[in-house]
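Residues per chain, in single letters:
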Amino acid sequence: MEVEILSSLITEKQIGEVCVICEQSKWKGLHLYTSFICTDCERDLVSTDTGDPKYKYFINKLKKINTPEIYS
């Protein structure tokens with residue numbers, strides 16, 4: 001019975017971490033301060049030219065990282 005409950009919880013919940021850019025749950029990526037960036041978004045960010053409109057999208061998403069989540 002406990003195994004059934006655990007397996008149903010695993011399938012219901014998202015597995016991995018939520019990317020700050022694409023907001024999808026992914027397994028692989030890097031941590032930047034308090035945020036997670038998946039490998040796919042990291043690759044896109046690095047290869048995007050600064051004149052591309054997609055670059056502004058990345059910058060706006062990365063602005064979330066400046067806001068600390070821990071208050072003391």
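Above this text you will find the structure in question.
Cut-offs and rules
- Residues numbered from 1 in each chain as written.
- Predicted model: local features only at pLDDT ≥ 70, side-chain atom pairs only at ≥ 80, totals over all residues.
- Heavy atoms only, no water.
- Core = buried A, V, L, I, M, F, W, Y, C linked by side-chain atoms within 4.5 Å.
- Buried < 20%, exposed > 50% of the residue type's maximum accessible area, 1.4 Å probe, protein only.
- Helix = DSSP H or I, 4+ residues; strand = E, 2+ residues; numbered from the N terminus.
- Contact = heavy atoms within 4.5 Å.

1. Describing the nonpolar core
Nonpolar side chains tend toward joint burial in soluble globular proteins.
Here comes step 1: Core analysis: the largest hydrophobic core is formed by 10 residues, namely Cys19, Val20, Ile21, Phe36, Ile37, Cys38, Cys41, Phe58, Leu62 and Ile65.
Here comes step 2: Only strand S4 (35-38) and helix H3 (53-62) provide two or more residues apiece to this core.
Here comes step 3: If we ignore the near neighbours within four places in the chain, the residues touching Phe58 are Ile21, Cys41, Asp44, Leu45 and Thr48.

2. Concerning the side chain of Ser35
Here comes step 1: Note on placement: Ser35 falls in strand S4.
Here comes step 2: Those residues in contact with Ser35, other than ones at most four positions away along the chain, are Val20, Leu30 and Ile65.

3. With respect to unusual backbone geometry
Here comes step 1: Even without being a glycine, Glu23 presents a positive backbone phi close to 60°.
Here comes step 2: Classification of Glu23 as partly exposed rests on a relative accessible area of 46%.

4. A short note on the environment of Leu30
Here comes step 1: Along the chain, Leu30 falls in strand S3 (residues 29-32).
Here comes step 2: Spatially, the C-alpha atoms of Leu30 and Cys19 are 9.4 Å apart, while their sequence positions differ by 11 residues.
Here comes step 3: Aside from chain neighbours lying at most four places away, what touches Leu30 is Ser35, Phe36, Ile37 and Glu42.

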